[in-house]
Amino acid sequence: MADSVISEIPPTMCLEKPSIDFSYVGIDAILEQMRRKAMKQGFELNIMVVGQSGLGKSTLMNTLFKSKVSRKSFMGTAEEKIPKTIEIKSVSHDIEEKGVRMKLTVIDTPGFGDQINNENCWQPIMKFINDQYEQYLQEEINIDRKKRIPDSRVHCCIYFIPPTGHCLRPLDVEFMRRLSKVVNIVPVIAKADTLTLEERDFFKKKIREELRANGIDVYPQKEFDEDAEDRMINEKIREMIPFAVVGSDQEYQVNGRRLLGRKTKWGTIEVENIAHCEFAYLRDLLIRTHMQNIKDITSSIHYEMYRVCRLNENNTQANGLADHHPASHEI
Amino acid sequence: MAAHSTVSRDCEVRLTEDQDKEYVGFATLPNQVHRKSVKKGFDFTLMVAGESGLGKSTLVNSLFLTDLYKDRKLLNAEERITQTVEITKHTVDIEEKGVKLKLTIVDTPGFGDAVNNTECWKSVADYIDQQFEQYFRDESGLNRKNIQDNRVHCCLYFISPFGHGLRPLDVEFMKALHEKVNIVPVLAKADTLTPLEVKKKKIKIREEIEQYGIKIYQFPDCDSDEDEEFKQQDQELKDSIPFAVIGSNTVVEAKGKRVRGRLYPWGIVEVENPAHCDFVKLRNMLVRTHMQDLKDVTRETHYENYRAHCIQSMTRMVVKERNRNKLTRESGTDFPIPTAPGVSDSETEKLIREKDEEVRQPPHTQTQEQECVTQECVDQECVMHDECVQESVQEECVMQEESVQEAEHCAELC
């Protein structure tokens, strides 16, 4: 066979362009496989909204997800409207976009900060969050585990700061201080259309200072930045929090386009216009760029911390200490 | 769409998308998940098993276009007589189009080589169990940040083309391992067979696999909404088991074409020609379409089975220890971490069953005994070596034991 040549060339060193690509194994196809799997399974997201009544929490949720995911509270008399204790109301919706299915759960906390005496109003909320962790932990240590443990852990807690324009209130500080240790907190300035741009900047600066002074680490937390690229992106975000948002689920005609907004005698506030308010930044952060990151931090950091605490607690209990039920880990 | 572009740059993109008023934006979620995985990279552990000389190393090299066995020294016949089956690991990092894969190949030199091959699969089964155990400990431990997944995701078993279907060693090996790992049977050195012989052999082997109740890796069924081409390919794949493969890492040139293959005086066997052998099918299955599924089945089925078994046997040991302590008034024995959790001799089983009966008999002392368990476990804990891991495993074990007892109690009442 004069016209054949045996050559022992390691495949990566082919000198000519062959008809078949000699050095392509195809491992990048695994991304496609993962994608298929993810699309089939769908995603879960649990967002908690916390703030006094009337700050526009439900409207903001509806605006974020462009559908009625949150029912606005019933406008009754004072006694009917404000519950005596804080309730935790959880509503789930299955939404779909471009083939991606998501089970969105909005957890509302009516009654927060509405009482005359608001001491310890964060306790039911912390208990709820810890209960979700506990439920996940129990599922995880089961002998017969489910293939995919349903994730009811709170991934993100949006805290609504009333637009006083001065500084954080003691309630805000107390709440965020405690909760930033167990869940990702995203503080927002609610109903920001009552602040002018200068007032808004001043308010934000004041809030950032106070958060720093009290050692409160809100999302994106500095210590969880993975690498330089992440840090760069997150620094830009950290310079902008808290986002000053305006929510609306009504459309108006502006310059020939129909936009979500609030119409007043002196002009129309466009919700998605970044010159008017920072809703678009919040939406991008929460949904378009950092959603997976928020979930990852919840599961790999907050949940792991809870788990370690819990396992250690169990061991000290077994060593003969008193109470069987661990207290919710209050700090 | 640049999922992580800076927020200000998103302006222009946003404007066009917002015109689509219904667009919220979470359709980017799969991309966000991608990003993390690409950064972290993937890993895959493949085991190859079969007698020497069946072309395992060549096939692995052909599959992943690497040369893993550069410095290998082959033993001659005398040296192989008393050789035991070793387990060797080779790891290689492959990167392609920005995707990093840490590939680990587990080889079993010496398998089936000795004169007496009884239980030569034992070291293989032990290795797989060890990896499960390691993962179980890591998963139950306190620091779960960087768990290394060394579990074997797939085992390519090489069947010799010279026999008449499966040989006794093949059957025993596959039966010992089919519940621990995904087995993909492969018909080696298929260039010694004509197409008709290949077809007949495949049918025979498939029949024998079913006859002996061997559970090889099953391809997942297609969704009903997949396109026809995909379904057809999937069906072809299922009909090609075992894959008749030929491996080659040499490039041969014939009539101006360069192909990877083997040169014979009577022609050239092309490795990547689907008419010549199933190499392309195997590679596509392993790497391009089913890698994720292989890992999922390992994680969700084989590992979960191991874990459930492990917890139950550990729970039983705790019960046994407790009863033994109660009877002989001994205290402070070491907590027995099972070394080979899958193996429990019949006598121990009988003892456990007797003790279980004892436990079940007096229902009014049940709760007392449950409390005693925690106390007994306390004594044992003090003597444990590796406290952190042991404690968390222990804790799970106590919780399991209580739930197992409850389950037994309930079952008894029903």
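Residues numbered from 1 in each chain as written. Chains lettered and ligands numbered in written order. Predicted model: local features only at pLDDT ≥ 70, side-chain atom pairs only at ≥ 80, totals over all residues. Heavy atoms only, no water.

An unreviewed UniProt entry lists chain B under the name Septin 4b isoform X8, from Danio rerio.

Labelled according to an unreviewed UniProt entry, chain A appears under the name Septin 9a isoform X3, originating from Danio rerio. According to its UniProt record, chain A has this under Sequence similarities (unreviewed entry): "Belongs to the TRAFAC class TrmE-Era-EngA-EngB-Septin-like GTPase superfamily. Septin GTPase family." (UniProt positions renumbered as here; feature names shortened; annotations may be inferred.)

Trainee: Can you lay out the sheet that holds strand β3 (residues 99-107) of chain B for me, pointing to particular residues and giving the numbers?
Mentor: By way of backbone hydrogen bonds, the strands of a sheet pair with one another, either parallel or antiparallel. The six strands lie next to each other as β2-β3-β1-β4-β5-β6 (chain B), forming an open sheet whose pairing is mixed. Each having just a single partner strand, β2 (88-96) and β6 (243-244) of chain B make up the two edges of the open sheet. (Pairing = 2+ DSSP bridges. Helix = DSSP H or I, 4+ residues; strand = E, 2+ residues; numbered from the N terminus.)

Trainee: Which residues make up the packing of aromatic side chains, and what are the values?
Mentor: Residues and elements named next belong to chain B. What the rule picks out here adds up to 15 aromatic pairs over all chains. Between Tyr157 and Phe173, the ring centres sit 4.7 Å apart and the planes meet at 20°, which makes this aromatic pair stacked. With Tyr157 in strand β4 (residues 154-159) and Phe173 in helix α6 (residues 168-177), the pair connects residues that are 16 residues apart, well separated along the chain. Plain terms: the ring middles of Tyr264 and Trp266 are 4.9 Å apart, the flat faces sit at 5° to each other, and that makes the pair stacked. Relative accessible area serves as the criterion here: at 18%, Tyr264 is assigned to the buried category. (Phe/Tyr/Trp six-rings, centres within 6.5 Å; stacked < 30°, edge-to-face > 60°. Buried < 20%, exposed > 50% of the residue type's maximum accessible area, 1.4 Å probe, protein only.)

Trainee: Got a sec to walk through the side chain of B:Thr28? Specific residues and values, please.
Mentor: Its place among the elements puts B:Thr28 in the loop between α1 (10-19) and α2 (29-40). By relative accessible area, B:Thr28 is classed as buried at 4%. Within polar-contact distance, the side chain of B:Thr28 engages the backbone oxygen of A:Arg288 at 3.1 Å. (Polar contact = N/O pair within 3.5 Å; in protein donor to acceptor, adjacent residues only side chain to side chain.)

Trainee: Outline helix α7 (residues 195-211) of chain B, supporting the account with residue identities and numerical values.
Mentor: Residue and element names in this part refer to chain B. For α7, with 17 residues, the first-to-last C-alpha span of 24 Å sits near the 24 Å given by 1.5 Å per residue. Residues Val198, Lys201, Lys202, Ile205, Glu208 and Ile209 constitute the buried set of α7. Taken around the axis of α7, the buried residues stretch over an arc of 135°, which confines them to a single face. Exposed positions of α7 whose direction lies more than 90 degrees from the buried face are Leu196, Lys199, Lys200, Glu210 and Gln211. Structurally, α7 contributes buried residues whose contacts are with β4, β5 (183-187) and β6. The first or second residue beyond α7 is Gly213, which carries a positive phi of 70°. (Expected span 1.5 Å × (residues − 1). Arc of directions from axis to C-beta. Contact = heavy atoms within 4.5 Å.)

Trainee: So what's going on with the side chain of B:Thr108? Residues and values would help.
Mentor: Tracing the chain through its elements places B:Thr108 in the loop between β3 and α5 (122-140). The contact partners of B:Thr108, leaving out residues within four places of it in the chain, are B:Val48, B:Ala49, B:Gly50, B:Val85, B:Glu86, B:Ile87 and B:Val124.

Trainee: Describe the environment of B:Ile128, with residues and values.
Mentor: All names here are of chain B. Following the sequence through the fold, Ile128 ends up in helix α5. Take Ile128: its relative accessible area is 1%, and that puts it in the buried class. For Ile128, the residues in contact, after removing those within four places along its chain, are Met47, Val152, Leu177, Lys180 and Val181.

Trainee: Got a sec to walk through the packing of helix α3 (residues 56-64) of chain B against helix α9 (residues 279-289) of chain B? Specific residues and values, please.
Mentor: Residues and elements named next belong to chain B. Contact pair α3 / α9: the axes reach a minimum separation of 10 Å and the direction vectors enclose 65°. Here α3 is positioned roughly perpendicular relative to α9, judged by the angle of their axes. Considering only the axes of α3 and α9, their crossing is right-handed. For the pair α3 and α9, the contacting residues are Leu59, Ser62, Leu63 and Phe64 in the first and Phe279, Leu282, Arg283, Leu286 and Val287 in the second. Looking at the contact of α3 with α9 residue by residue, the class counts come to seven nonpolar, one polar and one charged. (Axes fitted to C-alpha atoms, helices over the stretch in contact; angles between N-to-C directions. Parallel < 35°, antiparallel > 145°, perpendicular 65-115°, else oblique. Left-handed = near helix turned anticlockwise from the far one by under 90°. Nonpolar A, V, L, I, M, F, W, Y, C, P; charged D, E, K, R; others polar.)

Trainee: Please set out the confidence of the model for chain B residue by residue, giving values where relevant.
Mentor: Residues and elements named next belong to chain B. When the pLDDT values of chain B are averaged, the result is 73; 68% of them are 70 or greater. Per-element mean pLDDT across chain B ranges from 40 in helix α12 (residues 366-382) up to 92 in β4. In the model, residues 329-349 has pLDDT below 50 throughout and makes 34 contacts with residues more than four positions away in sequence or in other chains. For this predicted complex, the interface confidence reaches an ipTM of 0.72, while the overall pTM sits at 0.72. (pLDDT = per-residue confidence, 0-100.)

Trainee: A description of the pattern of salt bridges should follow, citing residues and the corresponding values.
Mentor: Following the criterion strictly, the structure yields 43 salt bridges over all chains and no others. Among the ionic pairs, A:Arg307 bridges to A:Glu304, the shortest N-O distance being 3.9 Å. Within this pair, A:Arg307 and its partner A:Glu304 are both found in helix α9 (residues 291-318), separated by three residues, close to a single helical turn. The pair formed by A:Arg307 and A:Glu304 is uniform in burial state, with each residue classed as buried. Where B:Asp278 meets B:Lys202, a salt bridge forms, and the shortest distance between an N and an O atom there is 2.6 Å. Placement of the pair is B:Asp278 in the loop between β9 (267-270) and α9 and B:Lys202 in helix α7, with a sequence separation of 76 residues. Take B:Asp278: its relative accessible area is 8%, and that puts it in the buried class. (Salt bridge = Lys/Arg side-chain N within 4 Å of Asp/Glu carboxyl O.)

Trainee: Pulling in residues and values, what's your account of the packing of helix α1 (residues 29-41) of chain A against α2(B)?
Mentor: Contact geometry of α1(A) with α2(B) gives a least axis separation of 10 Å together with a crossing angle of 140°. Classified by the angle their axes make, α1(A) and α2(B) are oblique. Like other packed secondary-structure pairs, α1(A) and α2(B) cross with a definite hand, here right-handed. Along its contact with α1(A), which presents A:Leu31, A:Met34, A:Arg35 and A:Met39, the element α2(B) presents B:Pro30, B:Asn31, B:Val33, B:His34, B:Ser37 and B:Val38. Looking at the contact of α1(A) with α2(B) residue by residue, the class counts come to six nonpolar, three polar and one charged.

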